[in-house]
Amino acid sequence: MKIYLVGGKGGVGKTTIAGFLSILLSERGDVLLLSTDLAHSLKDFFSIKKKGKRIKIRPSLWIFEPDIEKALKNYIGDIDKKVRENFSPTIYEDIKPFLKFSSQDPANYDLVLFNILSNEIIREEHDFMVVDTAATAQILKFATLPDRLLRWYDLLIKWRKKYVAMREMAKLNVGEEKFLPILLRKKEKMEKVKKELAQADFIWVLEPARLAFDETEKALKNLKGKIKLSALVMNKVSGKKPSVFDFPSPSLIEIPLFESEPLAGSPEGEKISAELKKILT
Ligand SMILES: Nc1ncnc2c1ncn2[C@@H]1O[C@H](COP(=O)(O)OP(=O)(O)OP(=O)(O)O)[C@@H](O)[C@H]1O
Ligand SMILES: [Mg+2]
């Protein structure tokens, strides 16, 4: 599966670019367009009223706007179940309030969204996946989470192996070890996610405005070596551009500022698609 991550500052045109890119890709294969923005807007872009989180909107194009709060509750619920099944009731009672708090904590949204993204990478059900991301900080998290989680899994695996060895030495008969295989599977999954994300094409959208330039510069500096920047899309270009522009640039394409909103199916879309084709070939 080929992955495209579309990022950039708020309002620069990420959803618009991700949308037209997905339409183009759907002529080449089966596409999943995933929104990792809390305020989903894919349905608005495609002018779709149909309900549902994951829907097929064209013969080879699916959109997925996950219900983040529900996903967080399920994610923590799953951990709750594993803790309950594998630890003593005393330990579970200690951990329970923390889990309850975590299931309502917005600080965990990006972690859950990363988990949703990871699941799609593992499932590999489509030829292409385009990710319409939220603010810049989310991309930074997505780019660094695989390494951080892998370090965490390594530590947990080390501790658990020690514990299992001690248990065996003490000849405690507590049945088959269930926790270690779960951790090893998680580690294996994350290694695949890390590899796929490192190969993903990253498309950065910006507009010719000082703040968008500054944020791009900072973000790309932080992301250096962590992602493969494939293209810069300078959107909403009208008249004079700010003069400083010396990113070690991959493909740079320019899209004009249109008078009306370039939604799916609009005449402006033809021009955007023609520019985006340059990135794909
Ligand atoms: N080239 C363009 N010319 C005119 N309007 C545009 C252009 N590109 C995008 N827009 C409009 O700008 C607005 C913001 O675009 P879009 O929703 O794609 O940005 P975004 O980066 O996804 O925003 P958010 O950060 O809120 O998710 C929309 O109303 C969109 O139709
Ligand atoms: Mg958007």
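Every value quoted in this text rests on a predicted model; they were computed, and no experiment measured them.

Rules and cut-offs
- Each residue is numbered by its place in its chain's sequence as written, counting from 1.
- All chains are assigned letters beginning at A, and all ligands numbers beginning at 1, according to the order in which they are written.
- Local features in a predicted model are, by the rule used here, given only for residues with pLDDT of at least 70; side-chain atom pairs are given and counted only at 80 or more, and totals for whole chains, interfaces and linings are based on all residues.
- Orientation is described by lines fitted to C-alpha atoms, with helices fitted over the stretch in contact, and by angles between N-to-C directions that extend from 0 to 180 degrees.
- Secondary structure follows DSSP: runs of H or I at least 4 residues long count as helices, runs of E at least 2 residues long count as strands, and numbering of each begins at the N terminus.
- Angles below 35 degrees are treated as roughly parallel, those above 145 as roughly antiparallel, those between 65 and 115 as roughly perpendicular, and all remaining angles as oblique.
- A pair of residues counts as a contact when their C-beta atoms, built from backbone coordinates, are within 7 Å of each other.
- Note that Gly is not counted as nonpolar here; it falls among the polar residues with everything else outside the nonpolar set of Ala, Val, Leu, Ile, Met, Phe, Trp, Tyr, Cys and Pro and the charged set of Asp, Glu, Lys and Arg.
- At least two bridges found by DSSP between two strands are what make those strands a pair.
- Helix span is expected to be 1.5 Å times the residue number reduced by one.
- To get the bend at any residue, fit one axis to the seven residues that end at it and another to the seven that begin at it, then take the angle between the two axes.
- Counting other C-beta atoms within 10 Å of its own, a residue is labelled buried from 20 upward, exposed at 12 or fewer, and partly exposed in the gap between, with every C-beta atom placed from the backbone.

Chemist: Outline the packing of helix 5 (residues 109-123) against helix 7 (residues 179-199), listing residues and values.
Modeler: Two elements in contact, helix 5 and helix 7, have axes whose closest approach is 10 Å; the angle formed by their N-to-C orientations is 90°. The angle between helix 5 and helix 7 places the two elements in the roughly perpendicular class. Counted together, S118, I121 and I122 of helix 5 and K189, K192, V193 and E196 of helix 7 form the full contact between these two elements. A class-by-class count of the residues in the contact of helix 5 with helix 7 yields three nonpolar, one polar and three charged.

Chemist: Please provide a residue-by-residue account of the sheet that holds strand 5 (residues 128-132), values included.
Modeler: Sheet architecture is open: eight strands sit in the order 3-4-2-5-1-6-7-8, paired in mixed fashion. Looking at the sheet topology across the chains shown, the edges are occupied by strand 3 (54-58) and strand 8 (251-256). Going across the sheet, the axis of each strand differs from the next one's by a mean of 20°, ignoring polarity. In the sheet, strand 3 pairs with strand 4 (residues 61-64) via four bridges, with the strands oriented antiparallel. Counterpart to R54 in the pairing with strand 4 is F64.

Chemist: Please set out helix 6 (residues 136-169) residue by residue, giving values where relevant.
Modeler: With 34 residues, helix 6 ought to run about 50 Å at 1.5 Å a step, and its terminal C-alpha atoms sit 50 Å apart, in line with that. When the local axis directions of helix 6 are compared, the greatest deviation, roughly 45°, occurs at L145, which is followed within four positions by the proline P146. The set of residues buried in helix 6 consists of T136, I139, F142, A143, L145, P146 and L149. Summarising the contacts, the buried residues of helix 6 are in contact with strand 1 (2-8), helix 5, helix 7 and helix 8 (210-223). One or two steps after helix 6, the chain reaches K171, where phi turns positive at roughly 55°.

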